[in-house]
Every structure is written in structure tokens, then in C-alpha cells.
Amino acid sequence: MSDSSQEEGKRKSPKDLFTKGRDFLDMYSKVAEFTKELMEENSKLQNRVNELMEERERLLTEGGQDPEEARLLRRFEELKREKQEILNHYQQVEEENKDFMHRYHEIESENNNLANLYVASYQLHSTLDLNEVLDIIAEIIINLIGAQTFGILMLNDKKNALEPVKAEGVPLEALPEVTMGEGIIGISAQKGENYYRETGGGREQLDVWKPLVCTPLQINEEVIGAIVVYQLLAQKEKLQKIDYDLFNLLAAHAATAIFSAKLYGDSIRKQATIKGFLDLLTH
Amino acid sequence: MRQLLVFALRPMTGLVVEEASDGLAGLKKIQTQTYDLAMVDINMPLMDGLKLISLIRQDEKNKDIPVIIISTESGMDVKEKADALGVNAYITKPIMARNVLNTVKSLLEAENG
């Protein structure tokens, strides 16, 4: 700075100073205003950042920013629900299937049992010959029930006792004559109630007074005989449900068949006698 | 056994069923007539079932006829003898009628192709 300039500065008036001060205040005011604007802008940007952060979080949750992704995500959730429903339905069907299978086996078993009962009843009434009826009863007991040792006893009214008329697996003579009410067999016959010994298949020493099964043969309530089982076949461990059904069937149908055969035999004999008598009269 | 299923098989299957009272009678029938299947009990009077089957297998006319054994015997030795004779089915007593019927049906179906 030259000497002349320094001199000029020293000569500035108060008016100039006032003007400078006012300019400074103007500038300060503008800076303050600008700062305020910046602060407001900053605040707006901060809000916008927050909004974008929230938007980002939301989009991430909904499957990204892509609307297609969000749609697919919703579809995925629907398919998951459908899959669970199908699985539940599948389990339900599986349970039903098991139930049907169980019922099928029951019906199959029942059919098998009915077939055996049919065979037995069909056979019992296929003849009016007493010996054949007794053979058929024996065949049913061997083949359908699976008994190895047994006897058929018939009631002798005069003696009030059951007499052996057929035996299998044991000599006929070895079977006892049983008075009604005597021992297991006699009591069972007198009461007209089946007797079953649930334990063992009769593998122990044969005791003719201790049967495995005693089935009174009855017509209505009248006992005409009894079937007495002592031992089952080696491969048959115990009686099954069908066996009890067969014994019940035998109790009624075998008695009827025996009674019919006896009546028929008697009528044939009487017919022959009458015919002979008539022949005598007419010749 | 000789009678039990005879009458039952007839109405249940529509088959023509004939019976023989013993092994010899069975052999005579099978040699003089034509059958599609034989059902044999092991324990029979006059001739046991295994002997009858061995004679059936030696007969040119009947050597391939399906044979079912129905027996009270469940021992392996009897089954092995039956297998050796080419027995097609072995049913142990007590029998289930439907089991017998199903066996008869399946053997006849196999026989008739």
C-alpha cells in the first residue's frame, strides 16, 4: 500500500462505517437465513431418509422391492397353506383307509366263519340216516373245529344218563356213561349250558371226566345228548370265535338232525311192520 | 373229510363234485373217469392219501392233475413227502371252507390258463 492510500483510509468518515456495518448485518442475516434453510432442508432429508428406511424394511418384509416378488411371496404363502391342508386331508384319508382295511378284514373273517357255518348246517341236514348224521357231526368237529379226541353221547331216558355212541381219538368203551347232573358233563347237560375250559388245548393226560368242551344237544329246551371234546389237534392251540359259533350251531342243528333221523328210522320200521301186517291180512 | 365239502362245494362253486369213501375207491374213480382236480385226505381207509397221490402221479392220464391235500397232520415230514409227490396245495385242519374254495378256484384257473 502506498502512502497515499494509507492516508485515504485514515480519512474515512463515520457514515462509511455505518454503511459497512449495515452491509455486514445484511450479510449476517443472509447467512443466518441460509443456515436456517439448510437446517430445514436437512430436516426434510432426514425425514425422507427415515421414510425410505421404513419403505425398505416394508419391501424387504413383503419380498423385496419388486411387486412381482411380493406377489410370488403371497402365492408361496397360499401354496404352503394348501400343502398343509392337503397333508391334513391325506392323514385323514390314511386314517379312513386303515379303518376300511380293518373293517375289510373283519368282514372277510366273518365271511370265512359264515362259510364254515354254512357248510356245517348244510351237511347236518343232508341225510336222515342216524349213523350218517353222527359221522357228519364227527366230521364237523374234526375238520371245522379241529378236535382230535371227542365223543358224542345220547340221552337214555330210562337211565337218565348220557351214553357214548361215537368216539374219535379214543375207544368208545373208554368214554363214561354219565348220569345227568354228574360231574362237569352231567351238570352241563342238566343245565343245558355249554361248558368251555379256556386253559390249554387238552394236551395233558386224557381224563374222560374233565373235558375241554361240553355242548348239550337240545331241541327247544330238551337235552337229547351232548358233544364232549377232550383234545384239539396239535396245531390248534385254543378255541377261536368261530368254534363257539359252531358249537352253538351244533347244539341246535345236530340235535334236530339226530332227532329227525331217529324219527325217520322209527317211522320206516313202523311202516315196514304195518306193511307186513297188512300183507298178512290180505294174503 | 370225504363228505364235508362235497355237498358244500357244489352249490358254492357250481362245480361237479364226486366223493370216494376210501383211497382205493378214489383211485378207481380217478382211473376210470376224468377229473380236473383231486382233493385228498392223508388218513383214509384201505389206502392212505400219499400212496394214492403217488399212484395218480404214475398214471399217464392224471400225472399233471392238480392235487390238494387236506390233513390233520402239520408235521414237516408229511409236507416234504407231499412236495416230493408234486402236491399243489397242502391245507391243514381245521379248515376254513372259503380257504379251500379259493385254493380250488385258483388251481382250476391256473390249469385252464
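For the structure itself, consult the block above.
First things first, this report covers the structure right here in the doc. Bear in mind that the values here come from a model prediction, so they are computed numbers and not experimental data.

So, how was this worked out
Residues numbered from 1 in each chain as written. Chains lettered and ligands numbered in written order. Predicted model: local features only at pLDDT ≥ 70, side-chain atom pairs only at ≥ 80, totals over all residues. Heavy atoms only, no water. Core = buried A, V, L, I, M, F, W, Y, C linked by side-chain atoms within 4.5 Å. Buried < 20%, exposed > 50% of the residue type's maximum accessible area, 1.4 Å probe, protein only. Contact = heavy atoms within 4.5 Å. Axes fitted to C-alpha atoms, helices over the stretch in contact; angles between N-to-C directions. Helix = DSSP H or I, 4+ residues; strand = E, 2+ residues; numbered from the N terminus. Parallel < 35°, antiparallel > 145°, perpendicular 65-115°, else oblique. Left-handed = near helix turned anticlockwise from the far one by under 90°. Nonpolar A, V, L, I, M, F, W, Y, C, P; charged D, E, K, R; others polar. Pairing = 2+ DSSP bridges. Polar contact = N/O pair within 3.5 Å; in protein donor to acceptor, adjacent residues only side chain to side chain.

### Considerations on the nonpolar core
Counting 48 residues, the largest nonpolar core has L124(A), I137(A), I141(A), V229(A), L250(A), I258(A) and I68(B) as its most contacted members. Among residues more than four places away in sequence, those in contact with I137(A) are L124(A), I152(A), I227(A), L250(A), A254(A) and I258(A). The next biggest cluster of nonpolar side chains, apart from the first, holds 16 residues, and it includes M47(B), I56(B), V67(B) and V78(B).

### Quick look at the packing of helix 3 (residues 67-124) of chain A against helix 4 (residues 130-145) of chain A
Residues and elements named next belong to chain A. Taken N-terminus to C-terminus, the directions of helix 3 and helix 4 make an angle of 165°; their axes are 9 Å apart at the nearest point. The orientation of helix 3 with respect to helix 4, classified from their angle, is roughly antiparallel. Pair helix 3 / helix 4 crosses with right-handed handedness. Mapping the contact onto sequence places N116, V119, A120, Q123 and L124 in helix 3 and I136, I137, I140 and L144 in helix 4. Class assignment for the residues of the contact of helix 3 with helix 4 results in seven nonpolar, two polar and no charged.

### Concerning the environment of F259(A)
Relative to the helices and strands, F259(A) resides in helix 6 (residues 241-282). Setting aside residues no more than four positions away along its own chain, F259(A) makes contact with I219(A) and I224(A).

### Some points on the sheet that holds strand 5 (residues 213-219) of chain A
All names here are of chain A. Spatially, six strands are ordered 3-2-1-6-5-4 in an open sheet, and the strand pairing comes out antiparallel. Both outer strands of the open sheet, strand 3 (178-179) and strand 4 (195-196), are each paired with one neighbouring strand and no more. In this sheet, strand 6 (residues 222-232) lies alongside strand 5 in antiparallel orientation, the contact comprising seven bridges. Of the residues in strand 6, the one forming a bridge with Q218 is V223. Here helix 6 sits on the sheet and contacts strand 1 (147-156), strand 4, strand 5 and strand 6; the angle it forms with strand 5, its principal contact strand, is near 45°.

### Observations regarding the packing of helix 4 of chain A against helix 6 of chain A
All names here are of chain A. Look at helix 4 against helix 6: their axes get within 9 Å of each other, and the N-to-C directions meet at 170°. Between helix 4 and helix 6, the crossing angle belongs to the class labelled roughly antiparallel. Contact with helix 4, carried on its side by L130, V133, L134, I137, I140, I141, L144 and I145, involves D243, L246, F247, L250, A254, A257, I258, A261 and K262 of helix 6 and no other residues of that element. For the contact of helix 4 with helix 6, the class distribution of residues is 15 nonpolar, no polar and two charged.

### Let's talk about the side chain of N62(B)
All names here are of chain B. By the secondary structure assignment, N62 is in the loop between helix 3 (49-58) and strand 2 (67-71). At a separation of 2.9 Å, a polar atom in the side chain of N62 contacts the side chain of D59. Ignoring anything within four residues of it in the chain, the contact list for N62 reads I30, Q31, I56 and R57.

### Here we look at the sheet that holds strand 3 (residues 89-92) of chain B
Residues and elements named next belong to chain B. One open sheet holds the three strands; their spatial order is 1-2-3, and the pairing between them is parallel. Sheet topology places strand 1 (38-41) and strand 3 at the edges, where each strand pairs with a single neighbour. Strand after strand, the sheet turns through a mean of 20° between neighbouring axes, direction not considered. With four bridges joining them, strand 1 and strand 2 adopt parallel strand pairing. Paired with D41 across the two strands is I70, which belongs to strand 2.

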